[in-house]
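Next come the chains, spelled out residue by residue.
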Amino acid sequence: MSRTPGRPRAFDRDAALEKALREFWRHGYEATSIAGLTAAMGIRPPSLYAAFGDKRKLFSEAVERYQQTHGAFSTRALAEEPTGRQAIERVLREAAVNYCDPEHPPGCLIITAAINHGPEAEDVEEELRAHRIAAKRAFAERIESDVRLGRIPADTDVDGLATFYAATVQGMSRQSQDGATAEELDRVATLAMQAYPA
C-alpha cells in the first residue's frame, strides 16, 4: 500500500534504529545483513533505505545512538566526577555492570563492531577508532587535571596511564563477551585502580 503525503510512517523510527543498533552490536558491521536488519526492525528493505539511507549510513546513526544511550555512562562519569581518579574508577565500575547487562548484547559496540573486517569496511573501523581515541584522550585529560592540581605526582606518565585504562576497558568488553560476570569485571576494576598513582 502506498504512503500518502503527510501520513506517518508505518514504523517507529527510534524503535527501528534501536533494533538495528542491537543487530550491529550482536553481529558486528560486516556480518550484519540487510535481511537481518529488516527482519529485526520489522520493515522491508525499501523502508530501510527511505528512512536511513544505506547500511553504512544506518550504522553511523546506530553508533551515534549508542553513544547517546548505552555508551553514555562513560562520558557522564568523566564529566561529573570531581577528580580524575574518581572519574576513571566510575567508568570502570559502570562498564563492569553495563557490559554484562542481559538487557542488551554484551560488551561495547564501539570496541567490537569492526574487529574483523575486509578492506571495503575500513572506513567503519576508522569511524570506531576515532571514538576510541577520543575516549582515551578524555582519560588523559582527567589524569592530567589530577597532575596539574597536585593530586598525583608531576612525573606521572599521563599518556601511558590513559592507554592502560583504555586497554582495560577494551579487555573488559571482550571478557564480557566471553562470559565474565559483572562481579568478575568489577574485580578487574579494583585491580586496575591500583595502578593509579597515590
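Residues numbered from 1 in each chain as written. Predicted model: local features only at pLDDT ≥ 70, side-chain atom pairs only at ≥ 80, totals over all residues. Heavy atoms only, no water.

Colleague: Can you lay out the packing of helix 9 (residues 158-177) against helix 10 (residues 182-193) for me, pointing to particular residues and giving the numbers?
Modeller: Their axes nearest at 11 Å, the elements helix 9 and helix 10 cross at an angle of 165°. Here helix 9 lies roughly antiparallel to helix 10, going by the angle between them. Between helix 9 and helix 10 lies a crossing whose hand is right-handed. Along its contact with helix 9, which presents Phe164, Tyr165, Thr168, Met172, Gln175 and Ser176, the element helix 10 presents Leu185, Val188, Ala192 and Met193. Across the contact of helix 9 with helix 10, the residue classes tally to seven nonpolar, three polar and no charged. (Axes fitted to C-alpha atoms, helices over the stretch in contact; angles between N-to-C directions. Helix = DSSP H or I, 4+ residues; strand = E, 2+ residues; numbered from the N terminus. Parallel < 35°, antiparallel > 145°, perpendicular 65-115°, else oblique. Left-handed = near helix turned anticlockwise from the far one by under 90°. Contact = heavy atoms within 4.5 Å. Nonpolar A, V, L, I, M, F, W, Y, C, P; charged D, E, K, R; others polar.)

Colleague: I'd love a proper account of the environment of leucine 58, names of residues and values included.
Modeller: You can see leucine 58 is positioned in helix 4 (residues 55-68). Taking the C-alpha atoms as reference points, leucine 58 and leucine 17, separated by 41 residues in sequence, lie 7.9 Å from one another. Among residues more than four places away in sequence, those in contact with leucine 58 are Leu17, Ala20, Phe24, Leu37, Met41, Leu48 and Phe52.

Colleague: I'd like a description of the nonpolar core, backed by residues and values.
Modeller: Met41, Leu58, Ile88, Leu92, Tyr99, Phe139 and Tyr165 are the most contacted members of the largest nonpolar core, which totals 55 residues. In terms of residues, this core owes the most to one element, helix 9, which gives seven residues. (Core = buried A, V, L, I, M, F, W, Y, C linked by side-chain atoms within 4.5 Å. Buried < 20%, exposed > 50% of the residue type's maximum accessible area, 1.4 Å probe, protein only.)

Colleague: An account of the packing of helix 8 (residues 122-148) against helix 9 is needed here, citing residue identities and associated values.
Modeller: Helix 9 packs onto helix 8 with a crossing angle of 135° between their chain directions and a minimal axis gap of 8 Å. Looking at the two axes, helix 8 sits oblique to helix 9. The element helix 8 and its partner helix 9 pack so that their crossing is right-handed. Contact residues: Arg132, Lys136, Phe139, Ala140, Ile143, Glu144 and Val147 in helix 8; Val158, Asp159, Leu161, Ala162, Thr163, Tyr165, Ala166, Val169 and Gln170 in helix 9.

Colleague: Help me get a handle on the packing of aromatic side chains, residues and values and all.
Modeller: Any aromatic ring pair is given by two values, namely how distant the centres are and how the planes are angled relative to each other. Enumeration according to the criterion identifies seven aromatic pairs in this entry. For the ring pair tyrosine 29 and phenylalanine 59, a centre distance of 5.1 Å and an interplane angle of 65° mean the geometry is edge-to-face. Of the two residues, tyrosine 29 is situated in the loop between helix 1 (13-27) and helix 2 (34-41) and phenylalanine 59 in helix 4; the sequence distance between them amounts to 30 residues. With a relative accessible area of 0%, phenylalanine 59 lands in the buried category. For the ring pair phenylalanine 164 and tyrosine 165, a centre distance of 5.0 Å and an interplane angle of 70° mean the geometry is edge-to-face. By relative accessible area, which is 35% here, phenylalanine 164 ends up partly exposed. Three or more aromatic residues joined by ring pairs make a cluster, and in this case those are Phe24, Tyr29 and Phe59. (Phe/Tyr/Trp six-rings, centres within 6.5 Å; stacked < 30°, edge-to-face > 60°.)

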